[in-house]
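# Working through the structure, step by step
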Amino acid sequence: MLISIVVPIYKVEKYIHRCIESILTQTFTDFDLILVDDGSPDNCGKICDEYAEKDNRIHVIHKENGGLSDARNAGIDWAFANSDSEWITFIDSDDWIHPKYLETLYNAVKETGCEISICGYEETTGDSPKVDDSDLQAVTVNSEDFFCEHNINAVVAWGKLYKKELFREIRYPVGKLHEDEFTTYKLLFQYENCAFVNQPLYSYFINNAGITKVSWTTRRLDAFEAFDNQLSFFKENRFKKAYAKVLDSIAYTCSIHIKAIDNDYENRHYKCLLRKKLSKHLKKYKNQVGFSIKKTPMYYEYAYPTLMKYYWLIISQIKKQKGKKNV
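Note that this is a predicted model, so its numbers are computed, not measured.

## Side note on the overall build of the chain
Scanning the chain from N- to C-terminus turns up 12 helices and nine strands. Overall, the C-alpha framework of the chain stretches about 75 × 45 × 45 Å when taken along its three principal axes. The buried share of the chain, reckoned over its 327 residues, is 50%. At a minimum sequence separation of 6, the contacts of the chain that also span at least 24 residues come to 79%. Split by element, the accessible area of the chain, about 16800 Å² in all, is 49% carbon and sulfur. The chain carries 44 positive and 46 negative side-chain charges, and their two centres are separated by 15 Å.

## Side note on the packing of helix 8 (residues 222–236) against helix 9 (residues 240–260)
A pair of packed helices is characterised by two quantities: the angle between their axes and the separation of those axes. Running from amino to carboxyl end, helix 8 crosses helix 9 at an angle of 170°, the nearest separation of the two axes being 9 Å. On the basis of the axis angle, helix 8 is roughly antiparallel to helix 9. Crossing of helix 8 over helix 9 shows left-handed handedness. On helix 9, the residues that touch Ala223, Phe224, Phe227, Gln230, Leu231, Phe234 and Lys235 of helix 8 are Ala242, Tyr243, Val246, Leu247, Ser249, Ile250, Thr253, Cys254 and His257. Here the residues of the contact of helix 8 with helix 9 are counted per class, giving 11 nonpolar, four polar and one charged.

## Some remarks on the pattern of salt bridges
This structure, assessed with the given rule, holds 11 salt bridges. A salt bridge links Asp70 to Lys63; the shortest N-O distance between them is 2.8 Å. Judged by relative accessible area, which is 24%, Asp70 ranks as partly exposed. Where salt bridges share partners, they join Asp38, Lys63 and Asp70 into one cluster.

## A look at the state of the cysteines
Considering all chains together, one arrives at zero disulfides under this definition. Of all cysteine sulfurs in the structure, the one in Cys48 sits closest to Cys44, which takes part in no disulfide; the separation is 6.3 Å.

## Re the nonpolar core
One finds Phe147, Tyr162 and Leu278 to be the most contacted residues of the largest nonpolar core, which totals 57 residues. Tallying contributions element by element places helix 9 first for this core, with eight residues. If you look at the next biggest cluster of nonpolar residues, it comprises 44 residues, including Phe31, Cys44, Trp158 and Tyr202.

## Overview of the pairing of strand 1 (residues 3–9)
In terms of burial, strand 1 is largely enclosed, as seven of its seven residues are buried. Residues Ile3, Ile5, Val7 and Ile9 point to one face of strand 1 and Ser4, Val6 and Pro8 to the other, with burial holding for every one of them. Across seven bridges, strand 1 lies against strand 2 (residues 31–38) in parallel orientation. From the neighbouring strand, Ile3 faces strand 2, where its bridge partner is Phe31. With helix 1 (residues 16–24) bridging strand 1 and the parallel strand 2, this β-α-β connection has right-handed handedness. In terms of strand pairing, strand 1 meets strand 4 (residues 87–90) through four bridges, oriented parallel. The residue bridging Ile5 from the neighbouring strand is Thr89, located in strand 4.

Each value, and the rule that gives it
- Residues numbered from 1 in each chain as written.
- Predicted model: local features only at pLDDT ≥ 70, side-chain atom pairs only at ≥ 80, totals over all residues.
- Heavy atoms only, no water.
- Helix = DSSP H or I, 4+ residues; strand = E, 2+ residues; numbered from the N terminus.
- Buried < 20%, exposed > 50% of the residue type's maximum accessible area, 1.4 Å probe, protein only.
- Contact = heavy atoms within 4.5 Å.
- Areas by Shrake-Rupley, 256 points an atom, 1.4 Å probe, with all protein chains shown as cover.
- Lys, Arg positive; Asp, Glu negative; His and termini not counted.
- Charge placed at Lys NZ, Arg CZ, Asp CG, Glu CD.
- Axes fitted to C-alpha atoms, helices over the stretch in contact; angles between N-to-C directions.
- Parallel < 35°, antiparallel > 145°, perpendicular 65-115°, else oblique.
- Left-handed = near helix turned anticlockwise from the far one by under 90°.
- Nonpolar A, V, L, I, M, F, W, Y, C, P; charged D, E, K, R; others polar.
- Salt bridge = Lys/Arg side-chain N within 4 Å of Asp/Glu carboxyl O.
- Disulfide = S-S within 2.5 Å.
- Core = buried A, V, L, I, M, F, W, Y, C linked by side-chain atoms within 4.5 Å.
- Pairing = 2+ DSSP bridges.
- Right-handed = clockwise from strand over helix to strand, strands pointing away.

This is the structure we're talking about:
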């Protein structure tokens, strides 16, 4: 088989058929499908076995629950040990793909000579995004530019076709949330360029029961460890634009977390810590990144809420005075 498809599965009985069927109806058929049942307590394991009985391209791994990273790693390990595939892709089990997903991403790497191809995606609550089948041509883009300009698209594990050999020494961090932030940049920045098809061939399902949709927990702070790793990597390898992008991501993530726990009494301590972290970050990198109240007011709102009230009051008074002068 030419491509290995890894699908980690946990408590998605309601959605798993949609995901698997979208894979089995691909126009590109030279693949093996690795379904990793990560100790799912529902009927997912049984459903996977039923599909495997009908299609010999499907291989099922049943394992104890270890989380998304552990499940992906199990699929990668299986692909290296049991498949002669040259390429690998990941699909989350509550998502689905366009019929030409594999064909398009494979054509993209062959036509451009890149080791990674990437497609667009669209968030959806159930409807498939509109795709222009006449505009599936890949363009070669600089990896650092893509990381900076399409950050979410660049960071997520799914929606990409990778040369399998890229994972020879790389695995996802077990036990960490934001596992993609720890991993994808290491793959993307191994090469100067990647191929990009700007069509939403990947449907990202807005699942309110998904990992990233549950209430705020301290595990979300794992993102900052990942950012620190990225900063070290980009500084060492002199990726200045990517370094600056991560600095901005840290400020944005601090703000989002402060907002998420705004009325969470139990986590008020972390709100204070995040506010201090954001304040220190803005002061340290103000000149390097260009943080300013005018350019990034949201960051200052969360770092200095009381001072910003006075700031906006003064701005309002200045505007009123200017208005009177113009009358």
